[in-house]
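Letter by letter, the chains look like this.
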Amino acid sequence: MVVYLDLLIADNFFADAALLYCAVKTVKGKVSFLRIALTALLGTALGVGYTIFTLYFTVPFAVDCLVKYGVAFLLPLPAAKWKRKRSYLLCALAFVGYMFAFAGMLTALFAKITPNDSHGALTYTLCGLPSGVVLAAVVAFAFVSVRIVLRLNERRKSLLMVCECELVLGSARVKARGFTDTGNRLHDKDGKSVAIVERSVACALLADQLFSGRISFGKIEVQTVNGKSFFSVFQIDCLQIYFEKKVNIIKNVTVAISPQPLGGEYGVIVPASFMVKEGFHVQGGEKC
């Protein structure tokens, strides 16, 4: 019988590392790649050493099962820090379960008998790659895919904070992209939430009203990283917030003029209370 140590070591190491990672993630344990790599290295040393041992010595079936399954149940112990015994036991069961599942899949997909004189050699390779490498590549692909999905989900959450707005003052209507900011806790003298607009948006709204005498300005104190400052404020007839084919109409809104350009592509910082306010109307309803 011929044993290829390089394939045996690669098979054991990559398979153990991949399955340990899956098992730890299954029980929502904290993944440490260094711990998993060292544990996989330990498992590889034990597996390769035991395989070589069985080439020269006959091991009873009961002892063989005890050694193999005992190592399988104990191997997840150093793979992560366990605060509870229950988590470790579940991880050990998951690890053994994955071993059965992946071993069956690999046997069905990659195992083949290679004729060799009077007897055959059972190999587990795909395009010359050890099955452990193939398994590790599959897990790595799944890991990268999960990371991409999480990033896309974060991006989606940030997009959920973006809305299209229309500010109305008399006959002037100005559209601008808004950003919902949960940190915007500005309130006017009546205790109502205040929206913040860029100067360009304010100028467009006030172009026809500035010298009419109808607009009154006030001041609002704002706490910034540089200390206290004051924003000029005035009141508009209404603010219409469009979001997911719905529109929320909020009348008599106080807006503050930001002395600095707002970050990003936004012209309005919308208080979070405007988004969760009851009365979100289906688009096409009454507008101001």
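Residues numbered from 1 in each chain as written. Predicted model: local features only at pLDDT ≥ 70, side-chain atom pairs only at ≥ 80, totals over all residues. Heavy atoms only, no water.

Moving on, we come to the overall build of the protein. Along its length, the protein carries 7 helices and 11 strands. Long-range pairs, those at least 24 residues apart, make up 63% of the contacts in the protein between residues at least 6 apart in sequence. Of the roughly 18,300 Å² of accessible surface on the protein, 63% is carried by carbon and sulfur atoms. (Helix = DSSP H or I, 4+ residues; strand = E, 2+ residues; numbered from the N terminus. Contact = heavy atoms within 4.5 Å. Areas by Shrake-Rupley, 256 points an atom, 1.4 Å probe, with all protein chains shown as cover.)

What follows is about the environment of Val 197. Checked against the element boundaries, Val 197 lands in strand 6 (residues 194–197). Between the C-alpha atoms of Val 197 and Tyr 266, which are 69 residues apart in sequence, the distance is 8.8 Å. In contact with Val 197, not counting residues within four places along its chain, are Leu 167, Ala 202, Val 255, Ala 256, Ile 257, Ser 258, Leu 262, Gly 267 and Val 268.

This brings us to the packing of aromatic side chains. Inspection of every chain in the model, using the stated rule, returns 7 aromatic pairs. Measuring from ring centre to ring centre gives 6.4 Å for Trp 82 and Tyr 88, while their planes differ by 55°; the resulting arrangement is tilted. For Tyr 88, a relative accessible area of 15% gives the class buried. (Phe/Tyr/Trp six-rings, centres within 6.5 Å; stacked < 30°, edge-to-face > 60°. Buried < 20%, exposed > 50% of the residue type's maximum accessible area, 1.4 Å probe, protein only.)

On the secondary structure map, Thr 44 appears in helix 2 (residues 33–56). Overall, Thr 44 belongs to the buried group, its relative accessible area being 4%. The residues contacting Thr 44, other than those within four sequence positions of it, are Ile 9, Asn 12, Phe 13, Asp 16 and Gly 49.

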